Amino acid sequence: MSEATAAHTVAAMRRERDPITDLRRAIDALPVSTREAMLDGIHANPIVVGAYTDDHGGICPMLAAHRHGGRTTLLAFARSWDRFAGSRRVRRATRRELTVLERQLTESLATAGDQDLRAAIAEHAELRARRESAPAAPEDDRVYPEIAAGRLKPGRLSRLRPLRNAADAERALANLDQLELATRA
């Protein structure tokens, strides 16, 4: 590789991504519920750049999402939002900035469904493979030999209830001991 090509490669690697790409990556890193809440929040609130809030009721997109149910904090989003807007001070977001944010959120939500579907399909395939490779489930009479022997009727299983305290456990153990002694006799 020549020196010019190597220098160009290093420069390309060092070059920062464009602000919109950074913003999109930060949006994609948010949970779907937070993206949906942010979309609702930017429609319902005045949005600012350069700060969490301003003195006139404006809020940042993350706070808007938080107020609409998206309980996530992602510093990378705040940094990419401010970098995208090129803010040096607190100000209201321009119509262009809000349009880009809304479009990025909408596109991210549209592709999130595809990713969720792919993940669900992969999980289903894994569970199916695990089930097929697992040994066959035992028959009822092997699981409940008392039922097969006629000592416990299947309808009685529904009357069993979870133990609530130590006294219930002691009574249950005493009943089992009596049943065992009675079956041996």
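For the structure itself, look to the data block above.
Residues numbered from 1 in each chain as written. Predicted model: local features only at pLDDT ≥ 70, side-chain atom pairs only at ≥ 80, totals over all residues. Heavy atoms only, no water.

Draft legend 1. Just the overall build of the protein, in detail. Along its length, the protein carries 9 helices and 2 strands. Across the 185 residues that make up the protein, the buried fraction comes to 22%. Long-range contacts, defined as pairs at least 24 residues apart, comprise 64% of the intrachain contacts of the protein with a sequence gap of at least 6. About 13,600 Å² of surface is accessible on the protein, with carbon and sulfur atoms providing 54% of the total. (Helix = DSSP H or I, 4+ residues; strand = E, 2+ residues; numbered from the N terminus. Buried < 20%, exposed > 50% of the residue type's maximum accessible area, 1.4 Å probe, protein only. Contact = heavy atoms within 4.5 Å. Areas by Shrake-Rupley, 256 points an atom, 1.4 Å probe, with all protein chains shown as cover.)

Draft legend 2. Layout of helix α5 (residues 75-85). Considered for burial, the residues of α5 that qualify are F77, S80, W81, F84 and A85. Projected down its long axis, α5 carries its buried residues within an arc of 125°, all on one side. Of the exposed residues in α5, those oriented more than 90 degrees away from the buried face are L75 and R79. Immediately downstream of α5, the backbone of G86 shows phi near 65°, a positive value. (Arc of directions from axis to C-beta.)

Draft legend 3. Examining the environment of R67 more closely. Position of R67 relative to the elements: it lies in helix α4 (residues 61-67). On the accessibility criterion, R67 (54% relative accessible area) is exposed. C-alpha of R67 to C-alpha of M38: the two residues are 29 residues apart in sequence and 8.8 Å apart in space.

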